Amino acid sequence: MKAINRVPGKILQCVVLLIKYKPTKLNVYKNDAESWDFTNPNVGMKEPQNTGGNGGGGSSRPPLLQEPRGFGGGMNGQMGGPRGSGGLFNSPMPDSGLMGGGQGQGGPFMGGAGGPGGASLSAMGQPQPGLPQQGAVLMVYGLNKDKMNADRIFNLLCLYGNIVRIKFLKTKEGCAMVQMGDALAVERAVANLNNTTFFGCKMQLGYSKQAFLADVQQPYDLPDGTPSFKDYMGNKNNRFINPEMASKNRIQPPSKILHFFNTPPGLDEDTLKQVFMEGDVIEPKSIKLFPSKTERSSSGLLEFSNISEALEALVVGNHAPIPNPNSKFPFIMKLCFSSSRHIPNKMAE
């Protein structure tokens, strides 16, 4: 009784009424710290008047480069726009980290922030009360249902931002939803990947109205036997976990040349080709190994005949384990699109 007496009478009265009448519909009139409508993040928000000019009117959408809360792919508004052309992101550097705890892996991903309007996620990937929610959920259409799964979507989209959760839709074949770390990551993915073709299908990307993806307790099996839902929070292959890791990424549109790194020293071409053969995709027509600056890892370029072949190779080969002759832990090969238009015959020493 002492515990009940400490509950404010108004709240207790509401609880009693809810228990007594068991309403089938609950009306939420505003989103704040006391109530939140997860189906409509704009409840109670006033529409700004269109005053023209730059006086803050004309659009309810906040600026893309607003100062983020935390870090999840954008930092201090220095991104350079959703296409990521320059700014904070530089070319990937070789990462000698190994599976089981290597360098450059960063700490656990905690949901990220930094999208438009400062949309922020809690450690569980849920929206924090009292903050406006922008679109951090991406819609993916037109996937090859027999070739694509959650890990392969991750392998492609992780080039543009952190991945939180991926869910395939059972009622719509070849369609998936992806919760990314922030809205800028979604913007970058749409700007660079929309209408790309691989595995004989044209992939189309759009924005979801959902603020986040809820956990799926019993996912169904995809045609390849993998689950239709996966949670990637804390996955070490996310590349924007902290500012240091994010600064090693350059946002590039798809190209027929891939840059590979974080592979064993002394890697040969046959080992690389085997990765793609096992994934049932076309192997690169040309491979160039960079002169190794250290004995800790290797890197280089892979050239394919066209962009579609490069995309297929990336979704299959990104994060593929490469045996390490000096350890029981394999290297985890990382792939990204290169800005090079062709592989030069001679690389600078």
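As the structure is a prediction and not an experimental result, all values here were calculated from the model.

Novice: Would you mind going over the overall build of the protein with me for this structure?
Specialist: Counting its regular elements, the protein contains seven helices and twelve strands. Burial status across the protein gives 45% buried among its 349 residues. Considering only residue pairs separated by 6 or more positions, the protein has 69% of its internal contacts joining residues 24 or more positions apart. When the accessible surface of the protein is split by element, carbon and sulfur atoms take 52% of a total near 18300 Å².

Novice: Where do I start with helix α4 (residues 183–193) in this structure?
Specialist: Along an α-helix, a turn takes 3.6 residues, which lines up residues three or four apart on a common side. Counting buried positions over the eleven residues of α4 gives ten, a clear majority of the element. Residues A183, L184, A185, V186, E187, R188, A189, V190, N192 and L193 constitute the buried set of α4. In this structure, the buried side of α4 is in contact with β1 (137–141), α3 (150–157), β3 (176–180), β4 (196–198) and β5 (201–207). Measuring from the side-chain oxygen of the N-cap residue of α4 to the backbone nitrogen of L184 gives 3.1 Å; that N-cap residue is D182. N195 sits one or two positions beyond α4 and adopts a positive phi of about 70°.

Novice: Explain the packing of aromatic side chains to me, please; I cannot follow it from the model alone.
Specialist: The relative placement of two aromatic rings is captured by the distance of their centres and the angle of their planes. Under the counting rule described, the total for this entry stands at three aromatic pairs. Measuring from centroid to centroid gives 4.6 Å for F154 and Y232, while their planes differ by 15°, and the two rings are stacked. In this pair, F154 sits in helix α3 while Y232 sits in the loop between β6 (229–231) and α5 (243–246), placing the two residues 78 residues apart along the sequence. Here Y232 falls in the buried class, since its relative accessible area comes to 3%. With a centroid separation of 6.0 Å and an interplanar angle of 85°, the aromatic rings of F276 and F304 are classed as edge-to-face. In this pair, F276 sits in helix α6 (residues 269–278) while F304 sits in the loop between β9 (298–303) and α7 (307–317), placing the two residues 28 residues apart along the sequence. When its relative accessible area of 0% is taken as the criterion, F276 is described as buried.

Novice: Where do I start with the side chain of S298 in this structure?
Specialist: Assignment of secondary structure puts S298 in strand β9. For S298, a relative accessible area of 9% gives the class buried. A polar contact of 2.5 Å, which involves the side chain of S298, links it to the backbone oxygen of P264. For S298, the contacting residues outside a window of four places in its chain are F261, N262, T263, P264, P265 and L267.

Novice: Looking at this structure, I do not really get the pattern of salt bridges. What am I missing?
Specialist: Should their charged atoms come close, side chains of opposite charge can pair. The tally for this structure, following the rule as stated, stands at six salt bridges. In this structure, D146 and K145 form a salt bridge, with 3.3 Å as the shortest nitrogen-oxygen distance. Assessed through its relative accessible area of 36%, K145 is described here as partly exposed. Its salt-bridge partner being K273, residue E283 comes within 3.9 Å of it at the nearest N-O pair.

Novice: Would you mind showing me how to read the sheet that holds strand β8 (residues 286–289) here?
Specialist: Hydrogen bonds between backbone groups are what pair the strands of a sheet, and the pairing can be parallel or antiparallel. Pairing is antiparallel across the open sheet formed by four strands, whose spatial order is β8-β9-β7-β12. Unpaired on one side and paired on the other, β8 and β12 (334–337) mark the two borders of the sheet. Averaged over neighbouring strand pairs, the angle between their axes works out to 25° when direction is ignored. Both strand β7 (residues 257–263) and β9 contribute to a ladder of five bridges, which runs antiparallel. Pairing of L258 across the sheet is with L302, part of β9. Against the sheet, α6 touches β7, β8, β9 and β12, its axis set at about 130° to β8.

Novice: What exactly am I supposed to notice about the environment of A313 here?
Specialist: Here A313 shows up in helix α7. As a C-alpha pair, A313 and L335 span 22 residues in sequence and 9.2 Å in three-dimensional space. When sequence neighbours within four positions are dropped, the list of residues in contact with A313 reads L258, F276, V281, F304, N318 and L335.

Novice: How should the sheet that holds β4 be read in this particular structure?
Specialist: With respect to topology, six strands assemble into an open sheet ordered β4-β5-β1-β3-β2-β6, the strand pairing being antiparallel. Only two strands of the sheet have a single neighbouring strand rather than two, namely β4 and β6. The average angle at which neighbouring strand axes cross in this sheet is 25°, direction not considered. Packed onto the sheet, α4 meets β1, β3, β4 and β5 and runs at close to 150° relative to β5.

About the thresholds
Residues numbered from 1 in each chain as written. Predicted model: local features only at pLDDT ≥ 70, side-chain atom pairs only at ≥ 80, totals over all residues. Heavy atoms only, no water. Helix = DSSP H or I, 4+ residues; strand = E, 2+ residues; numbered from the N terminus. Buried < 20%, exposed > 50% of the residue type's maximum accessible area, 1.4 Å probe, protein only. Contact = heavy atoms within 4.5 Å. Areas by Shrake-Rupley, 256 points an atom, 1.4 Å probe, with all protein chains shown as cover. Polar contact = N/O pair within 3.5 Å; in protein donor to acceptor, adjacent residues only side chain to side chain. Phe/Tyr/Trp six-rings, centres within 6.5 Å; stacked < 30°, edge-to-face > 60°. Salt bridge = Lys/Arg side-chain N within 4 Å of Asp/Glu carboxyl O. Pairing = 2+ DSSP bridges. Axes fitted to C-alpha atoms, helices over the stretch in contact; angles between N-to-C directions.

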